[in-house]
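# Observations on the model geometry
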Amino acid sequence: MVKSSLETIILLLPLMIGLVLCESSLPVSWPRPEVSILFICIVALRCGSQAGLAMGFLAGLFLGLLSSYSVGALTITYALLGYFIGKFLHPYNSRPLIYFLAVVLSTVVLGVTLYFFGRFDILVLPKPPLVRDWLLKVLLCNIIFLWPTLKITGIILGNYVFRPLKLDC
């Protein structure tokens, strides 16, 4: 069982990078999840705001280097997203629906942020019509792929999020 947040990030970062590289080989029109958001939410909810900030920073840096968009804007956006998810939702991580809420909330916040940043010509980010089409597809895929991601990270980290209740009857 993993105890520290640094160990959690070290174990999950290669998996996230591998999955991002695998999904980048898929066609653009295919609806695919935003794997980095799933991992940022899982780390932030399990380990807190500092680990969420670190995971968001590393994920944003990797995605910025992989894409043709602004590296700094993506890095700051993902880092702040991880920090705020860990800061406000980490105390409630024992509730099963909080992971669902965190993924939906962070996907919508990322879409809205990219939408408004894309309206300025200063930053090289996707234009608003692309973000609107992207948001619905990614939101649905993130909801679908949340459970398998939680299951895989539970196997890697040795602790499961959803445990059945033990009733004393």
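Anyway, here's the lowdown on the structure attached to this text.

Our next topic: the overall build of the chain. Regarding its fold elements, the chain presents six helices and zero strands. For the chain, the sequential pattern of α-helices and β-strands runs α-α-α-α-α-α. Per-residue burial over the chain gives 41% buried out of 169 residues. Partitioning the intrachain contacts of the chain with sequence separation of at least 6 by distance along the chain shows that 68% fall at a separation of at least 24.

Ranked by size, the top nonpolar core spans 34 residues in total, and within it Met 16, Leu 45, Met 55 and Tyr 78 carry the most contacts. Per-element accounting of this core gives the leading share, 10 residues, to helix H2 (residues 35–47). Those residues in contact with Tyr 78, other than ones at most four positions away along the chain, are Glu 34, Ser 36, Ile 37, Ile 40, Gly 56, Gly 60, Leu 63 and Leu 110.

As enumerated under the stated definition, the model contains two aromatic pairs in all. Taking the centre distance of 5.4 Å and the plane angle of 70° together, the rings of Tyr 83 and Phe 84 count as edge-to-face. Ring geometry for Phe 84 and Phe 88: centres 6.0 Å apart, planes at 10°, overall stacked. With Phe 84 and Phe 88 both in helix H4 (residues 71–89), this residue pair falls four residues apart, about one helical turn. Note on Phe 84: relative accessible area 42%, which makes it partly exposed. For Phe 88, a relative accessible area of 54% translates into the label exposed.

Conventions adopted
Residues numbered from 1 in each chain as written. Predicted model: local features only at pLDDT ≥ 70, side-chain atom pairs only at ≥ 80, totals over all residues. Heavy atoms only, no water. Helix = DSSP H or I, 4+ residues; strand = E, 2+ residues; numbered from the N terminus. Buried < 20%, exposed > 50% of the residue type's maximum accessible area, 1.4 Å probe, protein only. Contact = heavy atoms within 4.5 Å. Core = buried A, V, L, I, M, F, W, Y, C linked by side-chain atoms within 4.5 Å. Phe/Tyr/Trp six-rings, centres within 6.5 Å; stacked < 30°, edge-to-face > 60°.

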